[in-house]
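A look at the structure
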Amino acid sequence: MSKTASLACIILAAGQGTRMRSTKAKVLHEVAGFPMIAHVRHACEALVPYKIVGVIGPDAPEVGEAIAPHASVIQAQRKGTAHAVLAAKDELRGFKGRVLIVYGDTPLLRPETLSALVGQSAPVSVLTFKPEDPAQYGRVFLSNEGLVDSIVEYADANEQQRANNLCNAGVMAFDSDVLWNVLAEIKPHNAKGEFYLTDAIAIARAQGLACAYITGDAEEVLGINSRVELSVAEGIMQKRLRHSLMEQGVTLKNPDTVQLCADTRIAADVTIHPYVVFGPSVVVDEGVELFSFSHLEGVRVKKGARIGPYARLRPGTIIGEGAHIGNFVEVKKSNIESAAKINHLSYVGDTRVGARTNIGAGTITCNYDGFHKHHTDIGADVFVGSDTALVAPVKIGDRANIAAGSTITENVPEDSLAIARNKQINKDGWAKRFRDKKGGK
Ligand code: UD1
Ligand code: CA
């Protein structure tokens, strides 16, 4: 896709987010497995702008990492949203066109809404919304011509002004020349000496410039300032993600109990039972069935496989076509090839399990010696008896059998049987003699 040469985006993310009560920067708190700011970044990226610039605080370089590969600039002192936009000016030197300003704490914004705002013909445009409870959002006032006249911050608004529920979503688009001119006029606003971007409107109006607005969906522009609002955003995002999966042909038996990640990819005709949790980087192919209480992260599940209930699939795992992973089975960084079965109570880590191999209940790969991880290689058509410990590094040849209860420390050749346990001794009549001695029945 070619870049839109006439559009630049600025993402404001230097705020402290004190209302989160966290040592972590507000915009790094996650929604559907990704930092809020990553959602905002993706929405901006969808517009394919000439440039995206993040404005970050001096003490949160991780925010810059979340904006990368795009540029970020540091706002050394947090002196308000207008001051933050000015911090990006150098990065946009020489740029002429539209500048879209978004706040890093509005993770539910959709690209279509941003496009609609940028597409307004007025030199300034504001995204508004009408929430049921306008809470502490800035209030937007219209002129007789139906254009935006001013924005009054909640703290500065009188009772009558607060009764207006047309609110500022925190997204604005400016012609670049207008933006830099107007910003130069903004005066410190409050006792803290903060410069408010919202004051740009009244200044632009005073210069005779038209300020247009569009009204977005109240859910979409939710600004996250507290953990309660974070949970509301999570709920909305989850609903969206589930909805789009169902539209694509995925069955969710009880949608409200399934937790998805923004990047979860699930093919058609997959069935997901209640209470399945997806971490980042999960890809599930057609016809897979995921049973309840399973947790998947960083895994590819191929066609027709069955997972769970109560399975845990950890990063670096591939589950092959038609494979079965059953209850209380943990698989980490392993390749489970097609039609292999690990049905009960096992830990398989750093391992290849060959095609059609059956791993018995209670099998453990001992992959860690306290210092390093080691690999276990199990061939195709192997039968591993229950309660086997495979001490890595170790290799089991194709079609081998491992006797139940074995502790395997040496490689096993193909087609052979390995037994690594003490030979059983039966003592005739011992139990009866013991009972008699103890006076029992
Ligand atoms: C802001 C708006 C308000 C709007 C609301 C929508 C202003 C003055 N107010 O209020 O009208 O209804 O968003 O959610 O713009 N930031 C910086 N540097 C700063 C201050 C803030 O980068 O010095 C960033 C924050 O990281 C945040 C964004 O700007 O991403 C908004 O700041 P925040 O303090 O959350 O503003 P609100 O009080 O929510
Ligand atoms: Ca906010």
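Presented here is an overview of the structure given in this document. (Residues numbered from 1 in each chain as written. Chains lettered and ligands numbered in written order. Predicted model: local features only at pLDDT ≥ 70, side-chain atom pairs only at ≥ 80, totals over all residues. Heavy atoms only, no water.)

Inspection of the entire model under this criterion finds six aromatic pairs. Ring centres 4.9 Å apart and planes at 15° place the aromatic pair phenylalanine 293 and tyrosine 310 in the stacked group. With a gap of 17 residues between them, phenylalanine 293 in the loop between strand 17 (289-290) and strand 18 (295-296) and tyrosine 310 in the loop between strand 20 (306-307) and strand 21 (311-313) connect regions that are remote in the sequence. The partly exposed category is assigned to phenylalanine 293, whose relative accessible area is 42%. The class for tyrosine 310 is partly exposed, based on a relative accessible area of 38%. Aromatic pair tyrosine 310 and phenylalanine 328: ring centres 4.9 Å apart, planes at 15°, arrangement stacked. Here tyrosine 310, found in the loop between strand 20 and strand 21, pairs with phenylalanine 328, found in strand 23 (residues 324-332); they are 18 residues apart in sequence, far enough to count as distant. (Phe/Tyr/Trp six-rings, centres within 6.5 Å; stacked < 30°, edge-to-face > 60°. Helix = DSSP H or I, 4+ residues; strand = E, 2+ residues; numbered from the N terminus. Buried < 20%, exposed > 50% of the residue type's maximum accessible area, 1.4 Å probe, protein only.)

Attention now moves to the coordination of the calcium ion (ligand 2). Note on the calcium ion (ligand 2): its protein donors are Asp105 (OD) and Asn225 (OD1). The metal-donor distances range over 2.4 to 2.6 Å. Here the residue aspartate 105 occupies a position in the loop between strand 6 (98-103) and helix 4 (111-118), and asparagine 225 occupies one in the loop between strand 11 (211-216) and helix 8 (227-247), the gap between them amounting to 120 residues. Asparagine 225 matches aspartate 105 in its accessibility class, with the two residues each being buried. (Donors = N, O, S within 2.8 Å, 3.2 Å for Na, K, Ca; no water.)

Attention now goes to the site of ligand 1. Contacts to ligand 1 come from 23 residues, most closely from Gly15, Gln75, Tyr103, Glu153 and Asn168. Interatomic distance of 3.4 Å between a side-chain N/O atom of lysine 26 and an oxygen atom of ligand 1. Contacts to ligand 1 include lysine 79, whose backbone N or O atom sits 3.4 Å from an oxygen atom. Contact with the protein chains removes 88% of the 760 Å² of surface that ligand 1 exposes when unbound. When residues of the shell around ligand 1 are traced back to their parent elements, those giving at least two are strand 1 (4-13), helix 3 (81-87) and strand 10 (167-175). The residue makeup of the shell around ligand 1, split by class, is eight nonpolar, nine polar and six charged. (Near = heavy atom within 4 Å. Polar contact = N/O pair within 3.5 Å; in protein donor to acceptor, adjacent residues only side chain to side chain. Areas by Shrake-Rupley, 256 points an atom, 1.4 Å probe, with all protein chains shown as cover. Nonpolar A, V, L, I, M, F, W, Y, C, P; charged D, E, K, R; others polar.)

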